[in-house]
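# Observations on the model geometry
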Amino acid sequence: MSKILIVEDEQKLTKFLKQELQYEGYEVIVAEDGVTGLTMARESHPDLILIDWMLPALSGLEVCRRLRLAGDRVPIILLTAKDEISDRVAGLDAGADDYIVKPFSIEDLSARLKANLRRGSEEDPDQLNFLDLSLNRRTREIKRGDRTIELTATEYDLLEYLISHPRQVLTRDQILERVWGYDFGGDSNIIEVYVRYLRLKLEANKEKRLIQTVRGVGYVLKE
């Protein structure tokens, strides 16, 4: 069952959409303003977000921008009364995947939901993302936001291991075995050295630290 987050302040429309989507078999959660919607998107991990452009507190457009800047690739469909080409471009530039103009038919919306959910499930398995950090296993391209980062082979292997296990504390022994091999007999401080190298490159533009030290245990990739 796919989870749909509706962010809409028109209560009648929200009630109608919720009933129709639940009838079609979706799990539906609702927020009535942009700030609440952004929080629910981050905490509830929906499979798709259906969001109004004009919202109290924070616009749907701004919610899109913030989610994309954080590396969240959840499919987003904008609901709006705006129908100019420039408006469509602005919505897509903000990170929306699709755009539907009010008033709309439930059949049209249902088709767009299915198409975007299908595309979301076909994401590249070689693409790993965590907030604004991305790693592509196929191309070995590393990016922090729009900035491309050059890594050595060992730095890449270490980062790939960390980003493959986000928010999971990895022990020194686990890291040594995975990155350097179980029979590694070199400098015992090698992990600290390479973590420092990675931090320097990932934080070159004063970005937030993502590789955190867990004293006496190892390291974890988290906010």
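Worth saying up front: this structure is predicted, and the values here are computed from it rather than measured.

Further remarks concern the domain arrangement of the chain. When the domains of the chain are assigned, the result is domain 1 (3-121) and domain 2 (127-221). Computed from C-alpha coordinates alone, the two centres of domain 1 and domain 2 are separated by 34 Å. Both faces considered, domain 1 and domain 2 share a buried interface measuring about 240 Å² in area, 49% of it formed by carbon and sulfur atoms. Considering only the surface of domain 1 that becomes buried against domain 2, Leu69, Ala70 and Gly71 emerge as the three largest contributors, covering 81% of it. The interface formed by domain 1 and domain 2 includes zero salt bridges. On inspection of domain 1 and its partner domain 2, the count reaches zero residue pairs in polar contact (both at pLDDT 80 or more). Considering only residue class, the side of domain 1 that touches domain 2 consists of two nonpolar, one polar and one charged.

The subject of this paragraph is the packing of helix 2 (residues 34-44) against helix 3 (residues 60-69). Where helix 2 meets helix 3, the closest approach of the two axes is 10 Å, and the angle between their N-to-C directions is 30 degrees. With respect to helix 3, the element helix 2 is oriented roughly parallel. The handedness of the crossing between helix 2 and helix 3 comes out as right-handed. In this structure, helix 2 contributes Gly34, Leu38, Ala41 and Arg42 to the contact, and helix 3 contributes Val63, Arg66 and Leu67. Classifying every residue of the contact of helix 2 with helix 3 gives four nonpolar, one polar and two charged.

A few words on the sheet that holds strand 6 (residues 127-130). The sheet built from four strands is open, its strands ordered 6-7-8-9 with antiparallel pairing. Each end of this open sheet is capped by a strand with a single partner; those strands are strand 6 and strand 9 (147-149). Strand-to-strand twist across the sheet, computed as the mean angle between neighbouring axes with direction ignored, equals 20 degrees. Looking at chain direction, strand 7 (residues 133-136) and strand 8 (residues 141-144) are connected through four bridges and run antiparallel. Its bridge partner lying in strand 8, leucine 133 is registered against arginine 144. Across the sheet, helix 8 (residues 190-202) touches strand 7, strand 8 and strand 9, and the angle it forms with strand 9 is around 160 degrees.

Definitions and cut-offs
Residues numbered from 1 in each chain as written. Predicted model: local features only at pLDDT ≥ 70, side-chain atom pairs only at ≥ 80, totals over all residues. Heavy atoms only, no water. Domains from an automatic or database assignment. Buried area = accessible area lost by both parts, 1.4 Å probe. Salt bridge = Lys/Arg side-chain N within 4 Å of Asp/Glu carboxyl O. Polar contact = N/O pair within 3.5 Å; in protein donor to acceptor, adjacent residues only side chain to side chain. Nonpolar A, V, L, I, M, F, W, Y, C, P; charged D, E, K, R; others polar. Axes fitted to C-alpha atoms, helices over the stretch in contact; angles between N-to-C directions. Helix = DSSP H or I, 4+ residues; strand = E, 2+ residues; numbered from the N terminus. Parallel < 35°, antiparallel > 145°, perpendicular 65-115°, else oblique. Left-handed = near helix turned anticlockwise from the far one by under 90°. Contact = heavy atoms within 4.5 Å. Pairing = 2+ DSSP bridges.

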